[in-house]
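# Notes for the structure review
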Amino acid sequence: MATMARANSGPAYPERFYAAASYAGFDGSPNSNTKDIASRFSNDVALILYALYQQATVGPCNVPKPSSWSPVEHSKWKSWQQLGNMVSTEAMRLFVKILEEEEPGWYSRASNSVSEPVIDVQMNHNSNVEPIIENRNSFAETKIISAENGGLMETQDKDVVSEGLGSIVVYDKWISPPVIGQHPKARYQHGAAVVQDKMYIYGGNHNGRYLNDLHVLDLRSWTWSKVEAKVVPKSVESPSPVNIAPCAGHSLIPWENKLLSIAGHTKVPSETIQVKAFDLQTGTWSVLNTYGKAPVSRAGQSVTLVGTTLVIFGGQDAKRTLLNDLHILNLETMTWNEIDAVGAPPSPRADHAAAIHAERYLLVFGGGSHATCFNDLHVFDLQAMEWSRPTQQGEIPTPRAGHTSVTVGENWFIVGGGDNKNGALETVVLNMSTLAWSVVASVEGRVPLASEGLSLVVGSFNGEDMLISFGGYNGHYNNEVNVLKPSHKSTLQSKMMEARVPDSVSAIHNVTNPTRDLESEFEVGHEGKIREIVMDNIDTGHQKFEGEESTERIIATLKVEKEELESSLNKEKLQSLQLKQELAEAKAQNSDLHKELQTIRSQLAAEQSRCFKLEVDVAEQRQKLQTMETLQKELELLQRQKAASEQAALNAKQRQGSGGVWGWLAGSPPQNADNI
């Protein structure tokens, strides 16, 4: 079945509420009689619309309870009274929401006299999402897919109002908004980030080719545009531009006035992780210098912003080696540090999801190796530097890799991914305080939300958060945008929404001879709907709203909790002050020790220089001593030779002298006498 989806700007609140009230017949117009209202809506819807209109225009119910003989007036009063202190703006929003659920095309019919642009969008009731190609731009169909109690609800057509994120009026259902402008090329494994109501898409993989284009989606007007980025030169001395290589599997992190692209695979891989920065003010790319030992280059890692640091875990390097290491990059000093953790870490993996809770606990879920997908949950304590495996509650999601995730408060939403056979059809949420899993929504068939490598970011409109997905691969590459507005109900451990009571009660205008039984029927007929509205408005940390619970009791409970929180806050402030004083003392002591260390170092340097000189002198003296010892030995040798020579001469002389005298005395003539 093909229909026309009307896209119009529509009035903003409160004008939109008054237009809806006028259309429904609650503004005192001729259509505002009870008979007409009851003929257009079921009795429970009419009661709730009445209560919300009174809450929005008059305020909380302070009128006395009507007489018991009028069950209709009593039911109307009770419906209004059960809304308690709901603020006017919330009542307006819920009034319009219920009207659009009952009559999706109300605004088009109410303002048919105004010329409005019409966009042809193919609407169907099948499970497959088929985009319509117009001028080579893909306009995804406007379709709502949701799971209620595990079953797929019937897809229904909606009039989509072009108010950006404000056009999303249903909860816990993925829809395709009417995006206009030049769509980015279909891709997966890209990076996405939101800065000031704009979603930026960078890089990715298309048909095996790495990309380096940058696109921006204005979340107010749902308009795509391409960013013509410039590249700054390496330095003044070397004006050649840096190489911003196409990449995929990277992480895009908003930081100050920049977008940081961390890691990722490139055609010519680098040895270590590169950090690229896109300056949103100047529109230029640059490569940031980092210090310390940078991790090996990789893709499929998780990068989590914690304060002023980035925590990088796992991934796969250029040689397809899976990793499970932890590194921290300090964004103020741009210094890398590797974490030496204790405990059993997750097995090496890539394409997992990670989130931070309470600025202390890093949660890692799922991911894959070369042959296996995981659904295990690991927690890393950034203070104790320790891994652990916590006990989970609820139905644990199926194994998956290539999924994506975001956090909203203490809730961790996980979308997409899959195993080696099927894509993950469920959007799941983990309450990070209770570690309880629940299913938010489900889709059917090969749709982008059951893809791997898609991106997921959080946008905000009028204080309400929106999950926005883009791209992915599920047999083919896509470039579709899908949006889900999570309700408070989705954060519960299970779908606690009560089933609506069927419209089995007679219409309001058909009341004759009212009795107590009819009054009971009215109470039963709209009780479930009222409770649903209140559950949508009250924080899940408090107990379910009940008609018997008084407003004063809730206020008293909140006051007690406020006093406890203020007491805890004062204690924390006192402890923080003490810690600051201790830190100041430690810094002063550290400064004194540093000065003393510098003095000792200078003294040590002087002593080292003196010792070096003495060593040189000793070496010279030793050399001289060795020379003197050699000369002494030579002198002693000469003296011995001289003494021996003198002794020999003396002996010879003595022999000569003693032979002549004794010969003469013995009568022997001297030898020369014989020769005469």
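The structure reproduced in this document is the subject of the present report. Quantities reported herein were computed from a predicted structural model and do not represent experimental measurements. (Residues numbered from 1 in each chain as written. Predicted model: local features only at pLDDT ≥ 70, side-chain atom pairs only at ≥ 80, totals over all residues. Heavy atoms only, no water.)

## Thoughts on the packing of helix α3 (residues 43–57) against helix α5 (residues 88–102)
Let me state the cut-off plainly: For helices, the fitted line uses only the C-alpha atoms of the stretch in contact; every axis is such a line through C-alpha atoms, and the angle between N-to-C directions lies from 0 to 180 degrees. For helices the rule is a DSSP run of H or I covering at least 4 residues; for strands it is a run of E covering at least 2, with both sets numbered from the N terminus onward. The labels follow the angle: roughly parallel below 35 degrees, roughly antiparallel above 145, roughly perpendicular from 65 to 115, and oblique for the rest. Take the far helix as the reference: if the near one is turned anticlockwise from it by less than a right angle, the crossing is left-handed, and if turned clockwise, right-handed. Between two residues, a contact is recorded if the distance between any of their heavy atoms is within 4.5 Å.
For the pair α3 and α5, interaxial distance at closest approach is 8 Å and the crossing angle is 150 degrees. Classified by the interaxial angle, the pair formed by α3 and α5 is roughly antiparallel. Our pair here, α3 against α5, has a crossing hand that is left-handed. Contact residues: α3 offers V45, I48, L49, L52, Y53, Q55 and A56, while α5 offers S88, A91, M92, L94, F95, I98, L99 and E102.

## Some details on the pairing of strand β27 (residues 426–431)
What counts is decided by this rule: Each residue is assigned to one of three classes by its accessible area relative to the maximum for its type, calculated with a 1.4 Å probe on protein chains only: buried under 20%, partly exposed between the two thresholds, exposed over 50%. One bridge is not enough; two strands pair if DSSP finds at least two bridges between them.
In terms of residue burial, β27 counts as a mostly covered element, since 5 of its 6 residues are buried. Where strand β26 (residues 411–415) meets β27, 4 bridges bridge the pair, whose relative direction is antiparallel. Bridge assignment links I414 to a residue of β27, and that residue is V428. Across 6 bridges, β27 lies against strand β28 (residues 436–442) in antiparallel orientation. Each bridged residue has a counterpart across the sheet, and for V429 the counterpart in β28 is S438. Between β27 and β28, which follow one another and run antiparallel, lie 4 residues, and L435 among them has a positive phi close to 55 degrees.

## A word on the pattern of salt bridges
Selection criterion: What makes a salt bridge here is a side-chain nitrogen of Lys or Arg within 4 Å of a carboxyl oxygen of Asp or Glu, nothing more.
Applying the stated criterion to the full structure yields 12 salt bridges. Put simply, R187 and D213 hold a salt bridge, and the shortest N to O gap is 2.7 Å. Taken together, the residues span a long stretch of sequence, with R187 in the loop between β7 (180–181) and β8 (191–194) and D213 in strand β10 (residues 209–218) at a distance of 26 residues. A relative accessible area of 0% places R187 in the buried class. For the salt bridge of D325 with R298, the shortest nitrogen-to-oxygen distance reads 2.7 Å. Here R298 lies in the loop between β16 (284–287) and β17 (302–306) and D325 lies in strand β19 (residues 322–330), a separation of 27 residues in the sequence. Exposure remark for R298: the relative accessible area of 0% places this residue in the buried category. One connected set of salt bridges, linked through shared partners, spans E90, R93, E464 and K485.

## As for the environment of S221
As a reminder, the rule being used: Under the rule applied, a polar contact is a pair of N or O atoms within 3.5 Å (in protein, one hydrogen donor and one hydrogen acceptor; residues adjacent in sequence only if both atoms are side-chain atoms).
Its place among the elements puts S221 in the loop between β10 and β11 (223–227). Of the residues examined, S221 reaches a relative accessible area of 35% and is grouped as partly exposed. Counting along the chain gives 43 residues from S221 to P178, while the straight-line C-alpha distance between them is 9.4 Å. At a separation of 3.0 Å, a polar atom in the side chain of S221 contacts the side chain of T223.

## What about the sheet that holds β7?
If you walk across this open sheet you meet the 5 strands as β7-β11-β10-β9-β8, and the pairing is mixed. Only two strands of the sheet have a single neighbouring strand rather than two, namely β7 and β8. As judged from the 2 bridges shared by β7 and β11, these two strands associate in the parallel manner. By the bridge assignment for β11, G181 is matched with W224.

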